[in-house]
Amino acid sequence: MTTMNMIQAINSAHVTLMEKDPKVVVFGEDVGYFGGVFRATEGLQQKFGVTRCFDAPIAEAGIVAAAIGMGVYGMRPLIEIQFADYIYPAMDQLTSEAARIRYRSGGEFLAPITVRTPYGGGIFGGQTHSQSPEALFAHVVGLKVVIPSTPYDAKGLLIASVEDDDPVIFLEPKRLYTGPFEGHSTDGVKTWAGHPAGEVPDGHYIVPLGKANVVREGSAMTVLCYGTMVHVCLAAARETGIDCEVVDLRSITPLDVDTILTSVNKTGRCLIVHEATLTAGFGAELAAIVQQECFYNLEAPIDRVTGWDTPYPHVFEWEYFPGPARVGAAMKKMMEA
Amino acid sequence: MSDRGKTAKAAKAEPAKRNSIPLKLRVPEPPARPGQAADFSHIKLPAAGVTRRPDVASQPAEMHDLAYGLVRVLNEKGEAVGPWAPKIDADLMRRGLRIMMMTRAYDDRMYKAQRQGKTSFYMKSTGEEAVPTAAGLALDDTDMLFPAYRQQALLFARNWPMLDMMNQIYSNAHDRLKGRQLPVMYSSKEAGFFTISGNLATQFSQAVGWAMASAIMGDTRICATWIGDGSTAEGDFHHACTFAAVYKAPVILNIVNNQWAISSFQGIAGGTEAPFAARGVGYGLPALRVDGNDFLAVYAATQWAIERARSNQGATLIEHFTYRMEGHSTSDDPTRYRAADERQKWPGGDPIERLKQHLIKLGEWDETRHTAQQEEMEKLVKDTQRQAEAIGTLQAGQKPSPKTMFEDIYGGEPDWRMRKQRQQFGI
């Protein structure tokens, strides 16, 4: 075990995967010599050589397409899109190609690619460095969508993603890279040191895709969340004193429906929290499943706390960000229902 | 069918003779990295004045050599030489010098403001000031601009108020973009300056569309756009070239090759295989490669492209060969990936210094005036900064009203969900 922040854990996952399997190849904008703008691939080129970790042209569609081609050859590309906000030029390759190759070839060809990309706000990145596009990918059948919330999960989920034969969009909450963040904009920088999930095994392990993590057991209500919002929801539960059961979904495709339903059937209440905009967000899908499967056990309407239906505004970072105050208010309201 | 099947099998039987050498992947590397001495020996700058200047009515097929050459006007002695030397008066050159010096002083100040925590982000254009400045002065003020994020000098060239720009950097109450955009992502319809996108290259093909519209409507205005060497790899660049060539759109397509795309040297975008200008050849676009640190060369090339565009001869692709003297942005640290002495060894010189020497050579400028102008620019920037900070910075003072966050998503009255969310937000 070593104390790692999320960047170091992701870097360690790369090393573990590349040491184990010579078919794992890493590329993306600035990932080679420089080691990535967030340093996730630091040292890989030096350790594994320029043909296993290299810089790519600024062409997201090209990066994803080349990865698909390598995957078809039989390699396991682990690529980086510098910011999730930059992924849209690759949408055709992801939605019409990566997601469909297994299906349209009758299972003969695969696209075993993993697309890592930092997402979410909290760093004053403005609208082109803060978006949360997970629902777009969850809507595409054939793609898996994975979102870690701790260094331990980041490494284990990333290894599981790369070893999975299907294409995975691996969304990294960039605000959590250097420490857990509870959503108070005025909080000083907190590191992962001392957090139990900041202790990361050095070698190979996986956190399976499609297995949610109950990060706080409780009886009053179920809170469904992922990424940065896991820490915000834990803070809101602590601050309100409401006995919440906080479920970190870890992956939204595949979705651990059993854990969700067991929890909501127990608590009778369900709050869904994500940073992405509300309308047609992944919370809508969760709400639909929960109401259908748990309707007769619900004691209050399902509620959602999310980013507002606006682009991420630079100056109003904290007005936009669904912090513990908004989440806590929704928790209280739900208990009064 | 069975015969063909046999043939295929027979051919498969002896693959070893065909290709027995293991294939190898080439990954380009720059000549020098940190800890090594900068090496620009691969850059062969032709002497000023040697590159020919074809008539603006020439066909693209007759000028392929220009995509591989380099238009240079200012020589080592500070003289303007050769067929590209533009016939412009000293007042215009002094204006160019002033705008470049203003840009550099502004960049230095705003960079420091970010370091002092007054804003979140900044990007300097140091070393590249001649590219937007000369183009901005060559174009008419009514022509449309689709810039990338390092052409702030275009706004100065159009006499746009510095205070307005600083308010955007600070996202304060007077920011015309209501604090929504990352610093340096300016926008001004009045200045004919299209809203800068944080997503790369998107403006390049949009500019072609604007120019096509101007042609459809029988307008007289043309359009210019800028992209970095790195972002020429995006599909948008190729869409722009295709549309511009097919429809002979009245647009100037500028590639600012400043050698670096964050940490990736221009070879990662394909620049070591062929000059970026040469991409125009394949599309049948006239393509010029220009010394981007030579104010007069940029001015002359832009003027040439303007003439073509205004006379319905279509688009021109111009590669401006320059150097990013500073980091990509305040989030970057170039000492981690490039040789420390690159800036000193860059063979293209400093655009401000080169134009200054030329004006001095002409007897139209001197060191005293230069020093006075430098002080004037520093004072102007400082005084303007004080005014901007009196309104507010990202951290303190007056901010835009939070309710503006919900505006401009759509036109017209807010729909049910927006009304509901505004209520929840407390407005």
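Residues numbered from 1 in each chain as written. Chains lettered and ligands numbered in written order. Predicted model: local features only at pLDDT ≥ 70, side-chain atom pairs only at ≥ 80, totals over all residues. Heavy atoms only, no water.

## Focus: the overall build of chain B
Inference 1: From N to C terminus, chain B includes 14 helices and seven strands.
Inference 2: Over its C-alpha atoms chain B spans a radius of gyration of 24 Å, differing by no more than 12% from the 22 Å that the globule rule assigns to 427 residues.
Inference 3: Its C-alpha atoms give chain B principal-axis dimensions of roughly 85 × 70 × 55 Å.
Inference 4: Counting over 427 residues, chain B shows a buried share of 56%.
Inference 5: In chain B, once contacts between residues fewer than 6 apart in sequence are set aside, the share between residues at least 24 apart is 75%.
Inference 6: Here chain B has roughly 18600 Å² of accessible surface; of this, 52% comes from carbon and sulfur atoms. (Helix = DSSP H or I, 4+ residues; strand = E, 2+ residues; numbered from the N terminus. Rg over C-alpha atoms; globule rule 2.2 N^0.38 Å. Buried < 20%, exposed > 50% of the residue type's maximum accessible area, 1.4 Å probe, protein only. Contact = heavy atoms within 4.5 Å. Areas by Shrake-Rupley, 256 points an atom, 1.4 Å probe, with all protein chains shown as cover.)

## Let's talk about the sheet that holds strand 3 (residues 251-257) of chain B
Residue and element names in this part refer to chain B.
Inference 1: Taken together, the five strands give an open sheet; going across it, the order is 1-2-3-7-6, and neighbouring strands pair in parallel fashion. Each having just a single partner strand, strand 1 (144-146) and strand 6 (287-291) make up the two edges of the open sheet. Strand-to-strand twist in this sheet, taken as the mean axis angle between neighbours without regard to direction, amounts to 20°.
Inference 2: As paired elements, strand 2 (residues 223-228) and strand 3 share six bridges and run parallel to each other. Pairing of C223 across the sheet is with V251, part of strand 3.
Inference 3: The strands touched by helix 8 (residues 235-246) are strand 2, strand 3 and strand 7 (316-321); relative to strand 3, the strand with the most contacts, the crossing angle is about 150°. (Pairing = 2+ DSSP bridges. Axes fitted to C-alpha atoms, helices over the stretch in contact; angles between N-to-C directions.)

## Focus on helix 7 (residues 202-216) of chain B
All names here are of chain B.
Inference 1: Taking 1.5 Å of rise per residue, 15 residues should cover 21 Å, and helix 7 covers 22 Å from first to last C-alpha, within 8% of that figure.
Inference 2: Taken together, the buried positions of helix 7 are occupied by Q203, F204, A207, V208, A211 and S214. Buried residues of helix 7, viewed axially, fall in a sector of 145°; they line one side.
Inference 3: Residue G218 follows helix 7 closely and has a positive phi angle near 70°. (Expected span 1.5 Å × (residues − 1). Arc of directions from axis to C-beta.)

## Notes on the sheet that holds strand 7 (residues 168-173) of chain A
All names here are of chain A.
Inference 1: Strand order in the open sheet made by the seven strands is 3-2-4-5-7-6-12, with mixed pairing throughout. Where the open sheet ends on each side, the last strands, each with one partner, are strand 3 (53-55) and strand 12 (251-253). Direction aside, neighbouring strands of the sheet carry axes that sit 20° apart on average.

## A word on the environment of B:A157
Residue and element names in this part refer to chain B.
Inference 1: With respect to the helices and strands, A157 occurs in helix 5 (residues 153-157).
Inference 2: Considered as a pair, A157 and P132 are 25 residues apart in the sequence and their alpha carbons are 8.3 Å apart.
Inference 3: When near neighbours in sequence (up to four residues on either side) are disregarded, A157 contacts R95, I99, T133, G136 and L137.

## Some points on the packing of aromatic side chains
Residues and elements named next belong to chain B.
Inference 1: Scanning the model with the defined rule gives 27 aromatic pairs over all chains in all.
Inference 2: Ring geometry for Y106 versus Y122: centroids 6.4 Å apart, planes at 70°, classification edge-to-face. Separated by 16 residues along the polypeptide, Y106 in helix 3 (residues 90-115) and Y122 in the loop between helix 3 and helix 4 (130-138) bring together distant segments of the chain. Both residues of the pair, Y106 and Y122, belong to the buried class. (Phe/Tyr/Trp six-rings, centres within 6.5 Å; stacked < 30°, edge-to-face > 60°.)

## Quick notes on the interface of chain A and chain B
Inference 1: On the chain B side, the residues contacting the 39 residues of chain A number 43 residues.
Inference 2: Around 3400 Å² of area is buried between chain A and chain B when both sides are counted, 63% of it from carbon and sulfur atoms.
Inference 3: The tally of links from chain A across to chain B stands at two salt bridges.
Inference 4: Residues B:R336 and A:E42 are paired through a salt bridge, measuring 2.9 Å at the closest nitrogen-oxygen approach.
Inference 5: Scanning the region where chain A abuts chain B turns up 14 residue pairs in polar contact (both at pLDDT 80 or more).
Inference 6: Broken down by secondary-structure element, the contributors of at least two residues to the side of chain A that touches chain B are strand 3 and helix 11 (317-320) of chain A.
Inference 7: Grouping the amino acids of the side of chain A that touches chain B by side-chain chemistry returns 20 nonpolar, 11 polar and eight charged. (Buried area = accessible area lost by both parts, 1.4 Å probe. Salt bridge = Lys/Arg side-chain N within 4 Å of Asp/Glu carboxyl O. Polar contact = N/O pair within 3.5 Å; in protein donor to acceptor, adjacent residues only side chain to side chain. Nonpolar A, V, L, I, M, F, W, Y, C, P; charged D, E, K, R; others polar.)

## Here's the deal with the nonpolar core
Inference 1: By size, the foremost hydrophobic cluster in this structure holds 77 residues, and its most contacted members are B:Y106, B:Y186, B:W226 and B:F295.
Inference 2: With 12 residues, helix 3 of chain B is the largest single contributor of residues to this core.
Inference 3: Discounting residues that sit within four places of it in the chain, B:Y186 has contacts with B:Y106, B:Y122, B:Q152, B:L155, B:M165, B:Q168, B:I169, B:L177, B:F193, B:F194, B:T195 and B:I196.
Inference 4: A:F48, A:C53, A:L209 and A:A220 belong to the second largest nonpolar core, which has 66 residues in total. (Core = buried A, V, L, I, M, F, W, Y, C linked by side-chain atoms within 4.5 Å.)

## Here's the deal with the confidence of the model for chain B
The predicted coordinates should not be examined in detail at positions where pLDDT is low.
Inference 1: In the predicted model, chain B carries a mean pLDDT of 95, and the fraction of residues at 70 or more is 96%.
Inference 2: Scored below 50 in pLDDT, residues 1-7 of chain B shows zero contacts in the model against residues more than four places distant or in partner chains. (pLDDT = per-residue confidence, 0-100.)

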